[in-house]
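# Summary of structural features
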Amino acid sequence: MSEGNSQGLSREPLSAVAVLSCINKAPDGYYVVAQTTDGSDADLWKDGLFKSKVTRYLCYTRNTGPDVVVDLKLTDIKEVLPEGFAPVLETIDTKESATRKKRLCVKTLPRGAADTAVNDIQIISKSKYQIKDYTCVGEMNNMWIWYRTGEFSKCVATQAKSTETTSGASSRWTPSRPDYKQQNSGSLTLSAFDDVPFVVSQKFHQDAIPTQQVNLMGITIKSLAEIEEEYHYNFSTEKSIAY
């Protein structure tokens, strides 16, 4: 898949850069830099004198991920790898050597830690040409690789983090009873015992014991006044002795 060389390309950051051995074997979501800015074949492997059966094409993806590409470099094979960069050593489709003589290196950062990122790659076949707002990485087999950087929206990562935070807060603070009601004053009044069913567990239930009938025959039921009148004692004897 190719995006072409239009200057109206997406400003979304690249999340990965790779090398293909076959132009028609790009993984899903990857775009191939198949042509130079003047419409020539952008094969990075071909010889100047002989036509080679080996081909190599740059490709990249903007698939949303945790990292974004922030820089590209070309170094000699024997050169020390720049700090923070990872080399593209194999083709993404056949796992063969990605390049010869020179090595493409890619630097990525977490989306939230990057202020700017690479959002487009172009290849030109003539060194005297330049592309406005692009930076030249270097030359590989008479092909000059250029890339463009720019600011980008971090809303994807922020939204994911916000959703996670909100979800976590919701799971911690959502009331256990779903039918709580808000009072007219606007404040939520909850009690630790609200709607708690105070019932005896089934395991403590026993068969009811038949109540024995009490035979009240012959028993006179008296009122409180009658009891007090019958058993009233005025302590007159005790009082006479005291006085």
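For the structure itself, consult the block above.
### Some thoughts on the overall build of the protein
Scanning the protein for helices and strands turns up 3 helices and 9 strands. Secondary structure elements of the protein occur, N-terminal to C-terminal, as β-β-β-β-β-β-β-β-β-α-α-α. The buried share among the 243 residues of the protein stands at 28%. Contacts spanning at least 24 positions in sequence make up 71% of the contacts within the protein whose residues lie at least 6 apart. In the form shown here, the protein has an accessible surface area of approximately 17500 Å², with 53% of it arising from carbon and sulfur atoms.

### Quick notes on the sheet that holds strand 1 (residues 16-20)
Whenever strands of a sheet pair, they do so through backbone hydrogen bonds, lying parallel or antiparallel. Pairing is antiparallel across the open sheet formed by 3 strands, whose spatial order is 1-3-2. Every other strand in the sheet has two partners, leaving strand 1 and strand 2 (30-32) as the edge strands with one partner each. Across the sheet, the axes of successive neighbouring strands diverge by a mean angle of 30 degrees, strand direction being ignored. Of the strand pairs in this sheet, strand 2 and strand 3 (residues 57-61) are connected by 3 bridges, and their pairing is antiparallel.

### So, the side chain of Asp 43
Among the structural elements, Asp 43 can be located in the loop between strand 2 and strand 3. A relative accessible area of 3% means that Asp 43 is categorised as buried. Polar side-chain contacts of Asp 43 include one of 2.8 Å to the backbone nitrogen of Arg 56. Ignoring sequence-local partners within four residues, the contact set of Asp 43 consists of Val 54, Thr 55, Arg 56, Tyr 57 and Met 143.

### Examining the pairing of strand 9 (residues 143-150)
Buried residues dominate strand 9, accounting for 7 of its 8 residues. Two strands pair when backbone bridges link them, and strand 7 (residues 117-124) and strand 9 are joined in this way by 7 bridges, in the antiparallel orientation. The partner of Ile 121 across the bridge, within strand 9, is Tyr 147.

### Some remarks on the environment of Leu 58
Looking at where Leu 58 falls in the secondary structure, it is placed in strand 3. Once the C-alpha coordinates of Leu 58 and Ile 121 are considered, the two residues, 63 residues apart in sequence, prove to be 8.7 Å apart. Beyond its immediate sequence surroundings of up to four residues, Leu 58 is in contact with Val 17, Ala 18, Val 19, Tyr 31, Val 32, Val 33, Leu 44, Leu 104, Ile 121, Ile 123 and Ile 145.

Criteria and thresholds
Residues numbered from 1 in each chain as written. Predicted model: local features only at pLDDT ≥ 70, side-chain atom pairs only at ≥ 80, totals over all residues. Heavy atoms only, no water. Helix = DSSP H or I, 4+ residues; strand = E, 2+ residues; numbered from the N terminus. Buried < 20%, exposed > 50% of the residue type's maximum accessible area, 1.4 Å probe, protein only. Contact = heavy atoms within 4.5 Å. Areas by Shrake-Rupley, 256 points an atom, 1.4 Å probe, with all protein chains shown as cover. Pairing = 2+ DSSP bridges. Axes fitted to C-alpha atoms, helices over the stretch in contact; angles between N-to-C directions. Polar contact = N/O pair within 3.5 Å; in protein donor to acceptor, adjacent residues only side chain to side chain.

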